[in-house]
Structures are given as C-alpha cells and as structure tokens.
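Residues per chain, in single letters:
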Amino acid sequence: MAKYFPRITGASAVPAPLQPGDYELSLTFEGRLRTLLVHVPPQARAESPLPLVLNFHGAGSNATQQRQYTAMNASADRHGYLVVYPNGTGILPGQRRFLTFNAGGCCPPASNKDVDDVGFTEAILTIMGGKTPIDVERIYATGMSNGGMMAHRLAAESSRIAAVASVAGQLNLTCFHPPKPVSVLEFHSIDDPRALYDARGLTWAKEARMRRLPPVEWGIDRWVAHNQCSPTPAISDPITGPPGSLDDGQTLTKLRYGPGRDGTEVVLYRFSGVGHVWPGAATFMPRWLGRSTTLVDANEVMWAFFAAHPLSSG
C-alpha cells in the first residue's frame, strides 16, 4: 500500500509550523505547477530553527526516487535537519517522471527550455521559511548527477547557500561569479560511466558523444580559486576495499583544499572502481550505473561537512 503524504498547495495552505512528518508541497512558479517533498524531523519545535538540506534528483529521476535512493530522511532524523526534495521539469506540463534540472550545461529538457531552477529554489526557501523555523545560516544543497550539478549552480548563483555536496555531478557552468565564498564537497569516481571524470582513455567516437561535461577537477579548481584556497591539496592515504568484500578493488582518496576565505574549504572524495552512484546507498541499476560502494556513507560525510560550514559572511 502506498504511503500517504499530506498534499499542500500554495504557501497559504501550509500549516504553520509544520509538524514532524512527510509532506508534498506544490506551488506555481513561472507559470508552471512545481512540486517537492518535505521531511520534518522529530526535533522540530516552533521556537527552534533547524538547518535545511535541499536534495536534488538526477536526470530522468524524481523526488520520490531520490528520497528512497539516498535514504536521507534517516540521517535527518539522527542529526535534526529538514530535507526538501524538489522535482525537476519534464517535456510535458505536470509530468511526474523523467524530470531534469537546469544546471547550466545539463540537462535537457530543463536546460533547453532555460527553466529557472535557481529561482524556483529561492521560492521554495521563502515559502519554507514562512512555515517552519529555518536556520538561515545553515541552508545546504546536495544532489545526484544532474542534481549535484544543480547544487553547484545554486552555490554559484544564490547567496543563501552555506555549503554544497555534489554526488557524481561536476560544476557545469560557463558563467561563474559566485556572490560569496562557499564550501564545496564532491564525491566522484574516476570510473564513473555517466558523468565522466575527465574522459581520458576514451575512443574518439565515444569522447565525441560523451565529452560534453567538463572535467571534475576543472570545476574543483574554479571553486579553489574563488574561495582563495591553496591550489595544493592535502591528500589522504587511500582507503582500499577489503579483499572479498563488496568494495574489493575500490579505492578512495580525499583531497582537501583550504582553509580559504571565511574558513571555507573545497574537498574532493575521489574514488576508483566505483560507478555513478551515491556512496553508502543500495545497489541500483549496476549494469547501467556501475558498482556501488560502502567505503563511506555520503549522508554522514556530507552532514559533518555541512555542520562545520555555516553561511559565509562574504
């Protein structure tokens, strides 16, 4: 039996404050009916503002699938933060599946239609802030693939985002002028078969077809320069998956740049032997997306990163 979530239409219909639980919210933005899912943790109290994490799905997915795949509600309940799962847009009005966000260079149809997903997110934050107490110094963004690219775009174009953590989605903007320093965390595998790390070793034909995304480290370098971090990272010893385990043959190396302006930092979790996946999540379409990994739990790592980085004063 499908679980029921209260459906809320428009800002005026949202009960204030939201009680712990799960909600579906809709609003009209730029003439489109847009939807999102909201999770309010048990720690919610009328007088106590909570951090908020925006969690964007990948291309061809939707908010419901992202909530299920990332299992972030459990982390929110442990640590006491709100989670918002926005839905992207599709080819047809009101489409509920196969959705994308306009993250700059990716992904159609949202990018082709020049959908203002930054403005949509700002509208979400305004409505949420009026209906449940939010710590405005601790608004964060994450996402998978196209959703991770959307998190990068928010950090580059919104002054309300304190830090971002992208999973398998690199910075994909030609115009890059962030209004303030922003701490950035990225999880990415050099063997990612979808959001290619840098396309080295590809045949010409495959490269011509898939080289539309910029290299991961190109984006990392742009954030490092913007935050005025040292261009030379501190590099951890690699973590290696134990032989015979699900992580056998996988490695993880952490590259940390910083501190930079206002204590910001840029961190890259660079995997090998891992696919286009959310670290710590269950296996999902391995023949298409590649191997999953349990070398780290992305939800726990990113929350520790977020908790250490409130909004920069600029």
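Right, let's walk through the structure included here. Only a predicted model underlies this, so the values are computations on that prediction, with no experimental measurement involved.

Cut-offs used in this document
Residues numbered from 1 in each chain as written. Predicted model: local features only at pLDDT ≥ 70, side-chain atom pairs only at ≥ 80, totals over all residues. Heavy atoms only, no water. Salt bridge = Lys/Arg side-chain N within 4 Å of Asp/Glu carboxyl O. Helix = DSSP H or I, 4+ residues; strand = E, 2+ residues; numbered from the N terminus. Buried < 20%, exposed > 50% of the residue type's maximum accessible area, 1.4 Å probe, protein only. Axes fitted to C-alpha atoms, helices over the stretch in contact; angles between N-to-C directions. Parallel < 35°, antiparallel > 145°, perpendicular 65-115°, else oblique. Contact = heavy atoms within 4.5 Å. Disulfide = S-S within 2.5 Å. Phe/Tyr/Trp six-rings, centres within 6.5 Å; stacked < 30°, edge-to-face > 60°. Pairing = 2+ DSSP bridges. Patch = residues over 30% accessible without salt bridge, like charges linked within 9 Å, V, L, I, M, F, W, Y side chains within 5 Å. Areas by Shrake-Rupley, 256 points an atom, 1.4 Å probe, with all protein chains shown as cover. 1 Å grid on protein atoms, 1.4 Å probe; cavity = no way out; pocket = protein on both sides within 12 Å on 5 of 7 lines; lining within 4 Å. Points joined across faces, edges and corners; volume = space filled by probe spheres on them. Nonpolar A, V, L, I, M, F, W, Y, C, P; charged D, E, K, R; others polar.

Bringing the pattern of salt bridges into the picture now. With the rule as written, the count across this model stands at eight salt bridges. With a shortest N-O distance of 2.6 Å, Glu300 and Arg78 are connected by a salt bridge. Of this pair, Glu300 sits in helix H8 (residues 298–307) while Arg78 sits in helix H2 (residues 72–79); the two residues are 222 residues apart in sequence, bridging distant segments of the chain. The class of Glu300 is partly exposed, set by a relative accessible area of 28%. Glu122 is the partner of Arg160 in a salt bridge, and the nearest nitrogen-oxygen pair spans 2.9 Å. Separated by 38 residues along the polypeptide, Arg160 in the loop between helix H4 (146–157) and strand S7 (163–167) and Glu122 in helix H3 (residues 117–131) bring together distant segments of the chain.

What follows covers the packing of H3 against H4. Two elements in contact, H3 and H4, have axes whose closest approach is 10 Å; the angle formed by their N-to-C orientations is 80 degrees. On the basis of their axis angle, the class for H3 and H4 is roughly perpendicular. Contacts between H3 and H4 involve Asp117, Val118 and Thr121 from the former and Met150, Arg153, Leu154 and Glu157 from the latter.

With that out of the way, let us pick up the state of the cysteines. Scanning all chains against the criterion turns up one disulfide. Here Cys106 pairs with Cys107 through a disulfide, and the sulfurs are 1.5 Å apart. Pair check on accessibility: Cys106 and Cys107 agree, each one buried. Of the cysteine sulfurs around Cys175, a residue in no disulfide, the closest is that of Cys106, at 18 Å.

Tallied over the entire structure, the rule returns eight aromatic pairs. Seen in terms of ring centroids, Phe29 and Phe120 are 6.3 Å apart; in terms of plane orientation they differ by 45 degrees. Their pairing is tilted. Note that Phe29 is positioned in strand S2 (residues 21–29) and Phe120 in helix H3, a separation of 91 residues in sequence. The exposure class assigned to Phe120 is buried, which follows from its relative accessible area of 0%.

Where burial is concerned, most of S2 is hidden: seven out of the nine residues are buried. One ladder, built from nine bridges, connects S2 with strand S3 (residues 32–40); its direction is antiparallel. Opposite Asp22, over in S3, you have His39 as the bridge partner. The hairpin turn running from S2 into S3, its antiparallel successor, is two residues long, and Glu30 in that turn takes a positive phi close to 50 degrees.

Bringing unusual backbone geometry into the picture now. Put simply, Pro108 and Pro109 share a cis peptide bond, and its omega is 10 degrees. With respect to the element layout, Pro109 can be found in the loop between strand S5 (82–86) and H3. Geometrically, the link from Gly258 to Pro259 is a cis peptide bond, its omega value of 5 degrees lying close to zero. Looking at the secondary structure, you find Pro259 in the loop between strand S11 (251–257) and strand S12 (266–272). Even without being a glycine, Ala71 presents a positive backbone phi close to 55 degrees. Here Ala71 lies in the loop between helix H1 (63–70) and H2. In this structure Ala71 comes out as partly exposed when scored by relative accessible area, which is 42%. In this model, Gln228 sits at a positive phi of 60 degrees, which is unusual for a non-glycine residue.

A contiguous nonpolar patch, built from Phe284, Met285 and Trp288 and spanning about 330 Å² of accessible area, is present on the exposed surface. Topologically, Trp288 is positioned in helix H7 (residues 286–289). Of the residues examined, Trp288 reaches a relative accessible area of 47% and is grouped as partly exposed.

This part takes up the layout of surface pockets. Quantified by volume, the largest pocket comes out at close to 1,100 Å³. The wall of the largest pocket is formed by 32 residues, among which Ala59, Ser145, Arg194, His276 and Trp288 lie closest to the centre. For the lining of the largest pocket, the secondary-structure elements that each account for two or more residues are H1, helix H5 (204–210) and H7. For the lining of the largest pocket, the element with the most residues is H1, which contributes four residues. Considering the residues around the second largest pocket, the lining is formed by 20 residues, among which Leu33, Leu92, Pro93, Gly94 and Gln95 are closest to the centre. Elements supplying a minimum of two residues to the lining of the second largest pocket: S2 and S3. The greatest single-element share of the lining of the second largest pocket, amounting to four residues, is contributed by S3. Across the lining of the second largest pocket, the residue classes break down as five nonpolar, nine polar and six charged.

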